[in-house]
Amino acid sequence: MALGKYTRIDNRRQTTNYCSTVTIVVFVGLCLVGLWMMTSSSVVPSPKVDVPGQDKKNDVKEQVIESSGTNPEQFEDSRGDLPRDATKGDTNSNVSQGENKPNAQENQELKPENYPEVKPEEKPEKPEEKPDEGSNSDNQNDKTQSQEGKTEDLDSKKPEGELGLENVEVKSDNGGINVAEQGDSDEDSAENQSDSGDSEKKSTSDETEKKFETIETDSQSNQNGKAENGQIEEKVDQNDKKKSEKSTDGQVNNKTPSEVFPPGAHSELLNETTAQTGSWSTQAAESKNEKEAQLYNQINGYNWKLCNATAGPDYIPCLDNLQAIKSLRTTKHYEHRERHCPQEPPTCLVPLPEGYRRPIKWPKSREKIWYYNVPHTKLAQIKGHQNWVKVTGEYLTFPGGGTQFKRGALHYIDFINEAVPEIAWGKRSRVILDVGCGVASFGGFLFDRNVLTMSFAPKDEHEAQVQFALERGIPGISAVMGTKRLPFPGTVFDVVHCARCRVPWHIEGGKLLLELNRVLRPGGFFVWSATPVYLKLAEDVEIWKAMTELTKAMCWEVVSITKDKVNKVGIATYRKPVSNDCYEKRSEQQPPICEASDDPNAAWNVPLQVCMHKIPLDSQKRGSQWPEQWPIRLEKAPYWMLSSQVGVYGKPAPEDFAADYEHWKRVVSKSYLNGMGINWSTVRNVMDMRSVYGGFAAALKDLDVWVMNVITVDSPDTLPIIYERGFFGIYHDWCESFSTYPRSYDLLHADHLFSKVKKRCNLVAVVAEVDRILRPEGKLIVRDNVETINELENLVRSMQWEIRLTYSKDKEGLLCVQKSMWRPKEWETITYAIAKT
């Protein structure tokens with residue numbers, strides 16, 4: 001040992017003189033070269049010199065990062081200490097970083113004191129493993145598969161045909177879950193529309209769609225996939241506003257074992273994948289997209305066109321069939337205002353009004369809407385003095401009045417409650433029918449009393465009144481009391497209201513008032529606010545006399561006749577009987593009792609009858625008892641749902657009801673509210689296109705939305721259950737158009753609807769109808785089999801809608817799309833909808 005030591009010292013001494021000489025020579029040479037460069041008259045850029053040790057430096061750096069990843073917890077918060085520029089490009093490969101950084105910066109990062117500043121998620125990826133190239137590493141796939149085995153099935157108790165989505169494949173145009181909330185902010189509407197167009201180009205930049213598996217729990221993420229979490233949390237930190245959603249131990253918050261979709265932060269970070277490919281799409285991707293679109297159109301032989309109809313942007317196919325209306329033999333029963341659907345529904349798209357913009361959010365929309373969204377002034381001219389609607393600059397404003405409540409709807413609503421305390425708005429009385437609603441201010445302000453109002457009025461000379469209501473965010477349909485029953489079950493409305501609706505109740509044996517009797521609950525109220533109640537003109541006196549005789553013959557009890565001194569109108573309130581005693585004691589059986597075979601729930605295209613249905617007396621029959629008060633009635637199965645009955649999904653009816661509610665509560669809370677990137681503050685008008693028990697609507701009860709529940713004519717008739725819960729709905733056949741104006745709804749929800757409808761209808765026509773009633777930038781959520789999901793995805797792509805996300809598992813799938821502002825250039829003339837001069 002000593003000999004070795006001294007030997008090394010001796011060798012160093014022997015080379016001292018030699019080293020000194022070499023050092024002096026090199027120093028003199030460098031001085032001469034420097035002097036020559038300083039005296040040179042021209043400046044020559046220094047050539048790029050490849051540093052042989054560069055690769056070694058990168059290797060060293062990579063090794064250091066890998067070693068630091070063995071204990072990720074101690075470095076989770078270190079990234080917040082780095083300057084913004086240092087984290088901006090972390091998702092790029094290490095090679096590109098090495099080429100762009102100065103050598104001094106590289107050397108500084110390689111210092112040992114800087115090692116703790118590097119988090120494991122900053123580990124450079126190999127070129128074939130970069131997240132922006134549309135593929136995951138084999139390790140990631142293996143780890144994801146291992147997580148699948150640990151996933152608890154959300155819908156282990158789900159009814160047949162429903163989809164559990166907690167562990168499914170995700171695909172999106174953007175290579176991840178596309179949940180950017182484009183178009184959800186009023187202030188950024190123009191910018192969001194531009195972004196939406198750009199995202200469509202970016203969406204095809206990857207040759208293959210990326211697929212990710214949902215991560216069920218954070219603990220599984222850390223134990224089974226550290227590299228995968230590295231990519232996830234790296235992207236989260238790029239979005240500064242999402243940093244707060246990450247806990248100090250590196251786990252992502254808001255995760256639960258039964259998640260259907262990733263939460264907001266998780267979803268948005270996956271959307272960052274597109275940005276890594278650059279600001280512009282490639283020519284290859286653009287060309288590929290166009291070829292696919294052309295191929296799709298060639299295969300299907302269909303190109304979208306605009307509907308050329310006299311109604312223009314307000315076209316309602318079943319109400320604007322002018323050819324059928326012209327051929328009517330009579331219109332004395334308002335036949336011309338009823339539905340006359342064409343044999344073949346249109347497959348064109350309704351144009352947008354010029355200057356259309358995103359609707360104003362609720363509740364501001366109750367007071368004002370954009371004029372150019374509903375550019376009609378006739379009603380303002382006719383009813384302006386009655387505070388229905390006024391034109392105020394670029395807005396249409398609604399002071400909250402009406403013909404019968406010029407001083408305000410709330411005062412009028414409270415006056416009714418004071419006159420008849422049993423009405424108890426929002427407790428005993430929850431679901432109301434407003435006949436001849438005008439602009440629906442009555443229903444709009446009943447929301448303040450926890451009351452839902454189904455408002456309807458015909459599409460007539462009172463221009464666009466229901467369209468005004470829908471644009472304001474108030475429920476409404478275009479309908480008329482003519483020759484057919486209203487599309488509602490029997491005995492479902494708690495109160496029926498008519499404020500100067502000008503319906504001739506007393507004519508033809510009281511046929512129209514008997515229709516109200518059909519839909520009104522036993523013990524329910526009819527509130528009639530009209531001139532015959534308080535004016536003494538000859539016509540009014542005659543009508544009042546006829547109404548008095550008719551209501552007495554119908555056994556309706558007069559509860560109150562009062563006059564409002566503020567509004568200077570009178571209100572008469574009647575109550576439907578709760579037993580058959582009065583019917584049996586009548587001296588004359590007029591109006592007659594309906595035949596026992598007459599089903600009061602049959603309402604789809606059924607002619608009106610001049611008769612009354614008996615009151616159910618069996619305590620287990622619907623209508624024999626009043627529902628529970630709101631909100632208890634929402635969650636409690638109706639008393640007439642018996643265990644001996646089999647529910648829609650095969651369980652005993654009460655269990656079926658409860659299972660459906662629990663299912664939709666999970667789906668809505670775990671998925672729709674948090675995992676789809678939907679800004680629910682922009683959602684007001686919602687339609688469940690194929691409701692069953694109303695579970696979807698019930699799950700949304702805490703939001704400022706209302707839901708139109710649709711029971712298709714070929715589905716089990718569960719609509720009475722929905723009303724019993726305190727919601728409303730309507731019967732409909734989706735092979736025809738819905739009785740509403742274009743651009744009525746912010747969100748449509750379809751659970752296994754399209755796979756059933758396409759067996760009977762032209763799917764293209766149904767999609768065209770969806771486009772008609774959905775507002776631009778509105779959302780469509782579809783749950784169906786994979787085959788149908790793929791068909792729908794292709795169709796909405798051809799309309800240039802944004803595919804926000806798609807899921808699939810076990811031949812079941814989910815699709816969430818957003819309607820765009822795009823309209824085709826070509827026109828298709830709808831001959832039966834053109835008025836001939």
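Look above for the structure.
A few points on the structure. (Residues numbered from 1 in each chain as written. Predicted model: local features only at pLDDT ≥ 70, side-chain atom pairs only at ≥ 80, totals over all residues. Heavy atoms only, no water.)

### Side note on unusual backbone geometry
One can expect most non-glycine residues to show negative phi and most peptide bonds to be in trans.
And then number 1: Trp362 connects to Pro363 through a cis peptide bond whose omega is 10°.
And then number 2: Looking at the element boundaries, Pro363 is found in the loop between helix H13 (322–326) and strand S4 (368–370).
And then number 3: In this structure, Pro591 follows Gln590 across a cis peptide bond, with omega equal to -5°.
And then number 4: Positive phi, normally seen in glycine, also occurs at Lys568, with a value near 60°.
And then number 5: With respect to the helices and strands, the residue Lys568 is situated in the loop between strand S12 (557–564) and strand S13 (569–575).
And then number 6: Under the relative-accessibility criterion, Lys568 is labelled exposed at 59%.
And then number 7: A positive phi angle, near 50°, is found at Asp810, a position not held by glycine.
And then number 8: Take Asp810: it is sitting in the loop between strand S19 (802–809) and strand S20 (812–818).
And then number 9: Here Asp810 falls in the exposed class, since its relative accessible area comes to 65%. (Helix = DSSP H or I, 4+ residues; strand = E, 2+ residues; numbered from the N terminus. Buried < 20%, exposed > 50% of the residue type's maximum accessible area, 1.4 Å probe, protein only.)

### Overview of the environment of Trp626
And then number 1: Among the structural elements, Trp626 can be located in the loop between helix H21 (581–585) and helix H22 (632–635).
And then number 2: On the basis of relative accessible area, Trp626 is assigned to the partly exposed category, the value being 22%.
And then number 3: Note: C-alpha distance between Trp626 and Tyr639 (13 residues apart in sequence) is 9.9 Å.
And then number 4: Filtering out sequence-adjacent residues up to four positions away, Trp626 remains in contact with Arg428, Asp494, Arg521, Pro522, Gly523 and Gly524.
And then number 5: In this structure the side chain of Trp626 is engaged in a polar contact, spanning 3.1 Å, whose partner is the backbone oxygen of Arg428. (Contact = heavy atoms within 4.5 Å. Polar contact = N/O pair within 3.5 Å; in protein donor to acceptor, adjacent residues only side chain to side chain.)

### Thoughts on the sheet that holds strand S5 (residues 390–392)
And then number 1: Strand order across the open sheet formed by three strands is S4-S6-S5, with antiparallel pairing between neighbours. Each edge of the open sheet carries a strand with a single partner, namely S4 and S5. With direction set aside, neighbouring strand axes in the sheet form an average angle of 30°.
And then number 2: The pairing of S4 with strand S6 (residues 395–397) spans three bridges and is classified as antiparallel. Considered in S6, the bridge of Trp370 is made with Tyr395. (Pairing = 2+ DSSP bridges. Axes fitted to C-alpha atoms, helices over the stretch in contact; angles between N-to-C directions.)

By themselves, these are just geometric observations and shouldn't be taken as functional.
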